[in-house]
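Below are the chains, spelled out letter by letter.
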Amino acid sequence: MTEAVIIGVGLHPFGRFPGKPALDMGADAVRLALADAGVNWPQIQGGYIGSYEVANPDAIVGRLGLTGIPLRGVFNGCATAGTAVALAARAIETGEHDLTIAIGLDKHPRGAFAADPSVAGIPSWYGQTGLFLTTHFFGMKINRYMHDHGISHETLARVASKNFRNAAGNEKAWRRTPLTPEEILASPVLNFPLRQFMYCGPDEGAAALVLCRADQAHKYTGKPVRVRSTALRSRRLGAFEVQSPSFPVGDVVESPTVDASRAAYELAGIGPEDVDVAQLQDTDAGSEVIHMAENGLCKDGEQERLIAEGATEIGGRLPVNTDGGLLGNGEPIGASGLRQIHEIVLQLRGTAGTRQIPGTPRVGYTHLYGAPGASAVTILSN
């Protein structure tokens, strides 16, 4: 089977852009990715585009050129971008296309993601009693995890502080003001134990990747990035996931993140010990802590020591969310995972500027997780 590689990346800044449609942001990201790859739009043979807010994101061809290519819309909640990349890579691996593109874009209003519980198959009373809130779920989940594994409030604050500090060095991030752990701990509690500055926010942005056959990459770049593996998993019976109205009784069932992670490592032929830099879904500071273990990067409870020692800092043993993650960038759902891959590509190329990790990173890891329990992992390498 032919291997797929990434030859171009493009990222529109994340934040708030009044008066600028999501499709225009997406077109800007595509143009940046095409320029980075040294490819013209008419050369792209097919692609996949994801968005939560835009009903027909394939209409972006009106901004780029009506070349007649198949541009398929995809949506998998917060795992949308992982799905788009997986399908774009698969089209190359199976020989359907030689050059493909993955695009993500969104423009969320403040207070986005409100919905009736029935869309997730949950009774209406769950919303009427105020429980149908992602903030509520993440607060409960990390509170239990802290109790079970000895994670402190200071660790949550250190995670958030790290990500805002990393975002300060990222000109395309949204929230670029560094905050100390003390300032974060002093912010209002939203859902105990999570505070105001421990949550990400919905915002706007776009990103794009150009992929091609590995044996043709030399035509475009001297530094292609290999798509070693992609994996997507949904929740299993008994798992406690976003929007779950109850905690399961009986044997613990592992998160879809654990399943996706294991599958991705197996497909890539590597293990967690080979990862040099990671981008993990940090919907909140607690999620980053939990996802470190769920992705096999440490054992449950080890996060307390690792984070205190600075292991996840840019200069640490395993840098996590070097561009600021969701906390620093916000989460336009369709684009968020492509932003993660954009950062990993820069790190593997050695072109991340002040965010560049030391040494010569060879393996990068990205992870997405969202409601009602879907997780996507992509492993990249030089």
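As a reminder, the structure under discussion sits directly above these lines.
All residue numbers here refer to positions counted from 1 along the written sequence of the relevant chain. Predicted model: local features are reported for residues with pLDDT of at least 70 only, side-chain atom pairs are reported and counted for 80 or more only, and whole-chain, interface and lining totals are derived from all residues. Note: side-chain values were computed over all heavy atoms of the structure, leaving out hydrogens and water.

### Let's talk about the packing of helix α3 (residues 80-93) against helix α12 (residues 333-349)
Relative orientation of the contacting elements α3 and α12 amounts to 65°, with a least axis distance of 6 Å. Packed against α3, whose contacting residues are Thr80, Ala81 and Val85, the element α12 presents Ile333, Gly334, Gly337, Leu338 and Ile341 at the interface. To define axes, lines are fitted to C-alpha atoms, for helices over the stretch in contact only, and angles between the resulting N-to-C directions are given on a 0 to 180 degree scale. Numbering of helices and strands runs from the N terminus, with a helix taken as a DSSP run of H or I at least four residues long and a strand as a DSSP run of E at least two residues long. Contacts are assigned to residue pairs that have any heavy atoms within 4.5 Å of one another.

### Thoughts on the pattern of salt bridges
Think of a salt bridge as a Lys or Arg side-chain nitrogen and an Asp or Glu carboxyl oxygen that are within 4 Å of each other. With the rule as written, the count across this model stands at 19 salt bridges. Lys20 is the partner of Asp28 in a salt bridge, and the nearest nitrogen-oxygen pair spans 2.6 Å. Judged by its relative accessible area of 26%, Lys20 is partly exposed. Of the charged contacts, one joins Asp259 and Arg236 as a salt bridge, the two residues approaching to 2.9 Å between their closest N and O atoms. Placement of the pair is Asp259 in helix α8 (residues 256-268) and Arg236 in the loop between β8 (225-234) and α8, with a sequence separation of 23 residues. One salt-bridge network, held together by shared partners, links Arg16, Lys107 and Glu204. For every residue, the accessible area (1.4 Å probe, protein chains only) is compared with the maximum for its type, and the residue is labelled buried under 20%, exposed over 50%, or partly exposed between those bounds.

### Notes on the packing of aromatic side chains
Aromatic rings from Phe, Tyr and Trp, taking only the six-membered ring of Trp, are treated as a pair when their centres fall within 6.5 Å; an angle between ring planes under 30 degrees marks them as stacked, one over 60 as edge-to-face, and anything in between as tilted. One pass over the full model with this rule turns up 4 aromatic pairs. Ring geometry for Phe137 and Phe138: centres 5.3 Å apart, planes at 70°, overall edge-to-face. Each of the two residues, Phe137 as well as Phe138, counts as buried. One aromatic cluster is present, formed by Phe137, Phe138 and Phe240 through successive ring pairs.

### Observations concerning the sheet that holds strand β4 (residues 99-107)
In this scheme, strands are said to pair when DSSP sees at least two bridges between them. Spatial ordering of the open sheet is given by β3-β2-β4-β7-β1-β8-β11-β10-β9, a layout of 9 strands whose pairing is mixed. Each edge of the open sheet is held by one strand with a lone partner, namely β3 (71-74) and β9 (277-279). In this sheet, adjacent strand axes meet at a mean angle of 20° when their direction is disregarded. Strand direction decides the pairing type here: β4 and strand β7 (residues 204-213), joined by 9 bridges, are antiparallel.

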